[in-house]
Amino acid sequence: MGVGEILKGGGPLLAGESRMHQAELLVELTGQPSDAAVEALDSDYAYAIMTSLGAIEGKDFEEVFMGVHAEARGMLRCCLQFHLGGRSTAAALLQVTLN
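Residue numbers here run from 1 along each chain, matching the order of that chain's written sequence. For a predicted model such as this one, the threshold for reporting local features is a pLDDT of at least 70, and the threshold for listing and counting side-chain atom pairs is 80 or more; totals across whole chains, interfaces and linings nevertheless cover every residue. Computation of side-chain values: all heavy atoms of the structure, hydrogens and water removed.

Caption draft 1: Region of interest: helix H4 (residues 44–53). Residues of H4 that are buried: Ala-46, Ile-49, Met-50 and Leu-53. All buried residues of H4 fall inside an arc of 90° around its axis, so they share one side. Note on conventions: DSSP H or I runs of at least 4 residues are helices, E runs of at least 2 residues are strands, and numbering of each starts at the N terminus. Positive phi shows up at Gly-54, right after H4, with a value of about 80°. The rule is simple: take the accessible area with a 1.4 Å probe, protein chains only, and divide by the maximum for that residue type; under 20% is buried, over 50% is exposed, in between is partly exposed. To be clear, the arc concerns the directions from the helix axis to the C-beta atoms.

Written as structure tokens, this is what we have:
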């Protein structure tokens, strides 16, 4: 079980039925990734999926994860960055949490 599932209280955070549905759920939660982030995937398939979704703002993590400590929500937001280069490492997350 991942951090998102733990914070949600069990069950999959993004229970997609296909790759396309999984991508839709991620974008609905985090918002539309930048064009640069999508292009960095270097995948025509991923580009087609992301452009077909249209502009999506994303959800308020405070509402989605109501009752979850602010630092835990922040950690999850760092983990759910669309572009791999934007995600925090485990070591960086532990430094923020433990300091």
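Caption draft 2: Local environment of the state of the cysteines. Disulfides are defined in this document as cysteine sulfur pairs within 2.5 Å. Throughout the structure, instances matching the rule amount to zero disulfides. Here Cys-78 stays unpaired: no disulfide links it, and the sulfur of Cys-79, its closest cysteine neighbor, is 6.8 Å away. Classification of Cys-78 by relative accessible area gives partly exposed; the value is 29%.

Caption draft 3: Examining the packing of aromatic side chains more closely. Stacked, edge-to-face and tilted labels apply to pairs of Phe, Tyr and Trp rings (six-membered ring for Trp) whose centres lie within 6.5 Å, assigned for plane angles under 30 degrees, over 60, and everything in between, in that order. This model, assessed by the stated rule, comprises one aromatic pair. Consider the rings of Phe-61 and Phe-65, whose centres lie 5.5 Å apart with planes at 50°: the pair is tilted. When its relative accessible area of 3% is taken as the criterion, Phe-61 is described as buried. Phe-65 gets classed as buried once you look at its relative accessible area, which sits at 2%. Only lysine NZ and arginine CZ atoms are considered, and such an atom sits over a ring when it is within 6 Å of the ring centre and within 35 degrees of the ring normal. When the ring centre of Phe-61 is taken as origin, the NZ or CZ atom of Arg-77, which lies over that ring, is 3.8 Å away.

Caption draft 4: Spatial organisation of helix H6 (residues 70–79). Those residues of H6 that fall on the buried side of the exposure criterion are Ala-72, Arg-73 and Leu-76. Taken down its axis, H6 places every buried residue within 100° of arc, on the same side.

Caption draft 5: Highlighting the packing of helix H2 (residues 19–30) against H4. Only the stretch in contact is used when a helix axis is fitted, and all axes are lines through C-alpha atoms; the angle between N-to-C directions ranges over 0 to 180 degrees. Between H2 and H4, whose axes approach to 10 Å, the crossing angle comes to 55°. The pairing of H2 with H4 is recorded here as oblique in orientation. Relative to H4, H2 is oriented so that their crossing is right-handed. Taken together, the residues of H4 that come into contact with H2 (itself represented by Arg-19, Met-20, Ala-23, Glu-24 and Val-27) are Tyr-45, Ile-49, Met-50, Ser-52 and Leu-53. Comment on the angle field: the value is read as roughly parallel under 35 degrees, roughly antiparallel over 145, roughly perpendicular from 65 to 115, and oblique elsewhere. For any helix crossing, the convention is left-handed if the near helix is rotated counterclockwise from the far helix by under a right angle, and right-handed if that rotation is clockwise. Any two residues having at least one pair of non-hydrogen atoms within 4.5 Å are treated as being in contact.

Caption draft 6: Inspection of the nonpolar core at higher detail. Met-50 and Leu-80 are the most contacted members of the largest nonpolar core, which has 19 residues in total. Elements with a minimum of two residues in this core: H2, helix H3 (35–40), H4 and H6. In terms of residues, this core owes the most to one element, H2, which gives five residues. Ignoring any residue separated from it by four or fewer positions in sequence, one finds Leu-80 in contact with Leu-13, Leu-26, Leu-29, Thr-30 and Phe-61. For our purposes a nonpolar core is just a set of buried Ala, Val, Leu, Ile, Met, Phe, Trp, Tyr and Cys residues, chained together by side-chain atoms within 4.5 Å.

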